[in-house]
Structure formats: structure tokens, C-alpha cells
Amino acid sequence: SLMLSQSGSLLRILVAWCFVHACLCANVYYIRTQPYGSRDGSSWDNAGNLDLLRTFTGYSNNSGTVIYIRADEGSYYTPSTINLSGGGSVGNRLRIQGVDVNMQPAFATFNGTRHAFIPPTDPEVVTNVTGWGGEKLFDLRCSSVEFSYLRFNDHGLVFAFYTSGIKDVLFDHIDVFNVKSFIDQESGVNITDITIQHVTGLGFSKKFIRFQGYSHNFLLDDVVANSARQAYDNFSGGFVLDENAYGGIVRNCWFLNGHDTQNDNPSAYWNADGFSSERGNHDVHFINCLSSGWTDGGHDHKGENMTFCNCVSWDNKRNYRLWGRSTVFSNSSSYFPRNRGGCCGQTHVFLADYARLTMQGGTLQHYGTVTRGVYLEDYSVLTLAGVVEQYAQGARADGYPYMVSTAQLIRTNATRGDGIPYCATQIPSDSSSSVTVMTSSSSTSASVLSSSMSSSITSSTSLSATDALSSSSSSSSSLSSSSSSLSSSSSSSSSSSSSSSGTSASTTRLPSTTSNPVVNNG
């Protein structure tokens, strides 16, 4: 027994030594705007430059490797693509993080080649970005990697996925300014276990985030992006699902002000959707989300088993444009649809042929004689269960619905206990799309989004999109506090955006409220 006891003690000592040795020997590299000393990245005094980033991430195994990028000495000019091919392992990711000289998190700034952008003070002004260009920055071909405290100015595509099988990737505390797209992937590429959290964007012209192929198991949390009406990259979108992507959570996300004129064709159907999905997509849950200011749908979904909890859509042509047969809303609302151009009318809810939607709670509200409360095509069924309908200033009491003869509009005062499906306000535990939350460094408090915002909207006698955003600043401030926002330099010319902030100070992420109020005839 003594020998066994001694053997056990030796084994424990050996295990402890191996653990400490592994921790002490973990690879840590340092990058600055200019190389110093030996240039091997072993310390700030021997830091490498971005060329070393290409070398480090080319290693076959970077399990536990940390690459610190100095944020308080200036910005990094990145005119060409950086290929990332060597990731970490699950639970021991490769980590790429911006820090200051004291090793505190701070935003390291990457400046690209896209044409400079000065955001208009009026959120209705359209900017033609034809020929603006911009490079692809990161070609991501590895799993188990995380990016944090990074700022990207003036790029084409920031992160590109071109290889199937990539999984376990985290984007955390990222600022984006003036890009074509933030995250996109090649058609048919399948990626899994992707978390995107605490992200802000100002100025984008194509797809801010898109998943396609059979990509699944994704989480978006606290993502706020304003396209700022960068136009003429047709079919703009905020969060886009394509092909057969499925199974995810999208919560506390705001997508604003996307514009698509179909090359200035007044008779064409103008596109651009805040959130969208196609027929092959399914099982996605939207929680505490906002869409506003899009020339087509706030939400435009052809996918199945889409659920919405505490969501708000307003000031879009068709606040909710739905095609699936199994869509459920809980306490989700629509306010003041608005057609900015192109054919076809504005409405709260559009249901295509055979679509089915159950709305449990929430509000439909508009003024005037132009807006159709609902637009129902062949064999579609809309159930309004306990929904508050507020139509005033000349609007018909019934909301002026459009319905073909085979469509059904059912109004009931049913509650959740009456058999109406209810979408939980937390991540479903019994969902077929079981999303793993990879990190939760700070708790988001945006659950107040719908209730406080709805209260401010319904108490208004006159409303524009910017008015509503302003009046909801108290609720958005709690959401904003959980992530960084764009620095003031992001809304200036390229000369100012080329300077490094080196800090993570937050400012409001809401559109300017000093612009002309929206004149809403609906």
C-alpha cells in the first residue's frame, strides 16, 4: 500500500509538472506597427510586424497560442490578404487580440484600400459606392481561433470562409467601418460553431454577415450594424442566410438603413433586407432584435421554423415579409411601414402563398391611408392572437388589409394558455438547433429592448424612425454598454480613420437624430 501511495503521489506531481510546463511554454507573440529588436515576436522589445502574423498563423498547430497586437502606437495598413491556416484546438484556441502597452484590451486598427467614406448627417441620404473596391483581409482556413478587440476600416471583405469543416470560431468586440461585407463564405462551404458577439458596424454595402452551405450552430449576440445607405452593390442585407444554413440564435441584434434601388429603376421591386433567409434555411430563433430603415423587408424569410421573441421592425417597406409555413411571433411588433421607392406597397405583414404566421401579443401601428395593415396572398393564414392594432389619423379601423379570397385573417384574444405556440425568451433547451454559447464575457441586458421601446413608440403622437431610436436610447444604452462602439474617428474621413484609438471607450451607436425627420405618409 505504501508503494501504491508513493506511486499515486508521483503521478500527481508528474501531472502537475506537465500542466505547469505546458502553461509556461505556451506560445505568446507580440506584434507592433514596426519590428523591433530580434523581430521574433518574443516580447514588445522584440516584436514583429504584421508579416510575422502571416508566419505565426501558418504553423500547423497553434493550440493555446496567443498573438497580441499593439493598439496604442498607430494603425496597420493591410493592402493584401492575410491567410490564416493554422488554428488551435477546442478549449485551447489560437487567440488574436488587440491590447495596449499595459496588456489591457484595446482596439488594434487595420486600415484597408476601400474608398474613403464620410457618413451623411441625414440618414436618408444615399451614397453611391460603385467602384469603391477594397481588399479581402482575412482568408480563414482554420478552426478554433478567436479574434477580439480589433477595428477594421475601409475594407472589401474582412473575414472570408472558403474551406468546409471550419468550426469553433469566435469574433468578440469588433468594430467595423466602411466595408463591403464583414463576414461571408463561399457557396457550398459548411462551417459550424460560430459565435459573433459585441460587434458594431457603420457603413456597409453588400452583406454584413452571411452564412450559407449547410453551415449551422451559430450565435449572434449584441451585433449592431448601420449600412448608412451605401448603395449600388445590389441585394444588400444585414444578416443573411442562404442555401441550406440552419440552426442558430440571433439575439440583441440591430440592422439599420440598407438601400437598394435596382440601379435607379422606379418600377422595379427594390430589395435590401435587415434579416433574411431562403427556402433551404430552417430553425433559427430571433430574440430582442430590431430592423429599421430598409427599402424592402425588415425581416424577409422563406425559411421554416423561424421564431421571433420581443422583436421590433419599423420604417421598412414591408416590416415582415414571410413565406414559410411555420413562423411564430411572441411579443413582436411592427411600426410605421414606409416605401422609399420602387413598386409595390408598404405593409406591416406580407404573407406569400401558403405562408402561415401566428402572432402572439405585440403591436401593429401606423397612421394615414397608404399602409396596408396586412397583405395576404393565396391560401396564407395569419393569426393575430392578442395583438394590439393601433391605426389613426385617417387610417381605416381594420388596418386596410389586402386579402385574396383564399387567405385567412384570424383575430383572437387568445393567451399563451390557449394552445398558441410560444417562443421562449431564452435559448431553447429542446430545440433541434442546439447552439453552444462559446463565451459570455459579459451579460447582455437587452431584454428590455422590446418592452421599453414599444412603450416609447406607442406613447408618441408623431413618429419617425430616428425619433423612435432617440426615444429608446435608455433601452439601447444597456445594450450598448455590453459592447464597444465605433470611435468618433470612424465617422470621419480616411485620414482620421487611419489613426489608432488604442482605447475601447464607448459612444452611442444610434443614428444621428439631428437630421430632418422622416415624413411618413403611411
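Position numbers for residues count from 1 along each chain, tracking the sequence in the order it is written. Local features in a predicted model are, by the rule used here, given only for residues with pLDDT of at least 70; side-chain atom pairs are given and counted only at 80 or more, and totals for whole chains, interfaces and linings are based on all residues. Side-chain metrics in this entry use all non-hydrogen atoms of the structure; hydrogen atoms and water are not considered.

Enquirer: What's the story with the overall build of the chain in this structure? I'm lost.
Expert: Starting at the N terminus, helices and strands are each numbered in turn, a helix being any DSSP run of H or I of at least four residues and a strand any DSSP run of E of at least two. Helices and strands together make up the secondary structure of the chain, namely 6 helices and 34 strands. Burial statistics for the chain: of 522 residues in total, 58% are counted as buried. The long-range share in the chain, meaning contacts at least 24 apart out of those at least 6 apart in sequence, stands at 74%. For every residue, the accessible area obtained with a 1.4 Å probe (protein chains only) is divided by the maximum for its type, and the residue is called buried under 20%, exposed over 50%, and partly exposed between those limits. Throughout, a residue-residue contact means that at least one pair of heavy atoms, one from each residue, lies within 4.5 Å.

Enquirer: So what exactly am I meant to see when it comes to the side chain of N234 here?
Expert: Structurally, N234 is set in the loop between β14 (230-231) and β15 (237-241). If sequence neighbours within four positions are ignored, N234 has contacts with K206, D260, Q262 and N263.

Enquirer: Teacher, can you tell me more about the pattern of salt bridges here?
Expert: Oppositely charged side chains can pair when the atoms bearing their charge come close. In what follows, salt bridge is the name for a side-chain nitrogen of Lys or Arg lying within 4 Å of a carboxyl oxygen of Asp or Glu. One pass over the structure, following the stated rule, counts 20 salt bridges. The salt bridge involving E73 is made with R70; its shortest N-O contact spans 3.6 Å. Judged by relative accessible area, which is 31%, E73 ranks as partly exposed. Looking at R70, the relative accessible area reads 8%, which means it is buried.

Enquirer: Hey, could you run me through the pairing of strand β28 (residues 356-360) in this one?
Expert: Consecutive side chains along a regular strand alternate between the two faces of the sheet. Within β28, 4 of the 5 residues are buried, which leaves it mostly tucked inside the rest of the structure. Note: strand β25 (residues 327-330) against β28, 4 bridges, orientation parallel. Residue pairing in the sheet places V328 in a bridge with T358 of β28. Alignment of β28 against strand β31 (residues 381-385), held across 5 bridges, turns out to be parallel. Pairing of T358 across the sheet is with T383, part of β31. Only when DSSP finds a minimum of two bridges between them are two strands counted as paired.

Enquirer: What should I look at first to understand unusual backbone geometry in this one?
Expert: Working note: non-glycine residues mostly have negative phi, and peptide bonds are mostly trans. One non-glycine residue, R39, lies in positive phi territory at about 65°. You can see R39 is positioned in the loop between β1 (28-31) and α2 (50-56). Residue classification places R39 among the exposed positions, given a relative accessible area of 51%. The backbone of H173 sits at a positive phi, close to 55°, despite the residue not being glycine. Examined against the element boundaries, H173 turns out to sit in strand β10 (residues 166-185).

Enquirer: When you look at the pairing of β15 in this model, what are you seeing that I'm missing?
Expert: Burial within β15 is extensive, with 5 of its 5 residues counted as buried. Direction of pairing for strand β12 (residues 207-211) relative to β15: parallel, over a ladder of 4 bridges. Pairing of R210 across the sheet is with V240, part of β15.

Enquirer: What exactly am I supposed to notice about the packing of aromatic side chains here?
Expert: Think of a pair of aromatic rings as described by two things: how far the centres are apart, and how the planes are tilted against each other in angle. Working definition: rings of Phe, Tyr and Trp (its six-membered ring) pair if their centres are within 6.5 Å, and the pair is stacked with planes under 30 degrees apart, edge-to-face with planes over 60 apart, and tilted otherwise. Going through the model one piece at a time under the given rule, you end up with 35 aromatic pairs. Their ring planes at 45° and their centres at 6.4 Å tell us that F204 and W294 sit as a pair that is tilted. Linking F204 in strand β11 (residues 191-204) with W294 in the loop between β20 (290-292) and β21 (297-301), this pair joins segments that are 90 residues apart in sequence. For the pair formed by F204 and W294, the shared burial category is buried. Here R318 stacks its cationic end above the ring of Y375, 5.3 Å away from the centre of that ring. To sit over a ring, a charge needs its Lys NZ or Arg CZ within 6 Å of the ring centre and within 35 degrees of the ring normal.

Enquirer: Please explain the side chain of H299 as it appears in this structure.
Expert: Tracing the sequence through the fold places H299 in strand β21. Polar contact criterion, stated in full: a pair of N or O atoms within 3.5 Å, where within protein one must be able to donate a hydrogen and the other to accept it, and residues adjacent in sequence count only if both atoms are side-chain atoms. A polar contact of 3.0 Å, which involves the side chain of H299, links it to the side chain of H301. With residues up to four places along the chain from it excluded, the contact list for H299 reads F275, F286, F308, S313, R318, N319, Y320 and R321.

Enquirer: Teacher, can you tell me more about the environment of G297 here?
Expert: You can see G297 is positioned in strand β21. A relative accessible area of 0% places G297 in the buried class.

Enquirer: How should I be thinking about the nonpolar core in this particular structure?
Expert: Nonpolar side chains tend toward joint burial in soluble globular proteins. By size, the foremost hydrophobic cluster in this structure holds 82 residues, and its most contacted members are F147, F171, F182, I196, F211 and F239. The element that contributes the greatest number of residues to this core is β10, accounting for 8 residues. Among residues more than four places away in sequence, those in contact with F211 are Q185, I191, I194, I196, F218, L220, F239, V240, L241, D242 and A245. Definition used in this section: a nonpolar core is a set of buried Ala, Val, Leu, Ile, Met, Phe, Trp, Tyr and Cys residues joined via side-chain atoms within 4.5 Å. In terms of nonpolar packing, the next biggest core, distinct from the first, is built from 9 residues, W254, L290, F336 and Y367 among them.

Enquirer: Explain the confidence of the model for the chain here, please?
Expert: Detailed reading of the predicted coordinates is not advisable wherever pLDDT is low. Every residue carries a pLDDT, the predictor's confidence in it, which falls somewhere between 0 and 100. With 74% of its residues at a pLDDT of at least 70, the chain reaches an overall mean of 80. With pLDDT under 50 throughout, residues 13-25 is counted as low confidence; its partners more than four residues away or in other chains account for 0 contacts. Within the model, pLDDT remains below 50 along residues 424-522, and this stretch shows 224 contacts once partners closer than five positions in the same chain are excluded.

Enquirer: Help me understand the environment of T81 in this model?
Expert: With respect to the secondary-structure elements, T81 resides in the loop between β3 (76-77) and β4 (82-84). C-alpha of T81 to C-alpha of D139: the two residues are 58 residues apart in sequence and 6.8 Å apart in space. Excluding residues that lie within four positions of it along the chain, T81 makes contacts with R54, K136, L137 and D139.

Enquirer: Just to check I follow, could you spell out the environment of F255 for this structure?
Expert: Examined against the element boundaries, F255 turns out to sit in strand β17 (residues 254-256). For F255, a relative accessible area of 0% translates into the label buried. Placed 30 residues apart in sequence, F255 and A225 show a C-alpha to C-alpha distance of 5.1 Å. For F255, the residues in contact, after removing those within four places along its chain, are F208, V223, A225, G238, F239, G274, F275, L290, S291, S292 and W294.

Enquirer: Explain the state of the cysteines to me, please; I cannot follow it from the model alone.
Expert: What is meant by a disulfide is a covalent connection between two cysteines, made through their sulfur atoms. Our working definition of a disulfide is a cysteine sulfur pair at a distance within 2.5 Å. Enumeration according to the criterion identifies 0 disulfides in this entry. C289 supplies the cysteine sulfur nearest to C311, a cysteine that is in no disulfide, at a spacing of 4.7 Å.

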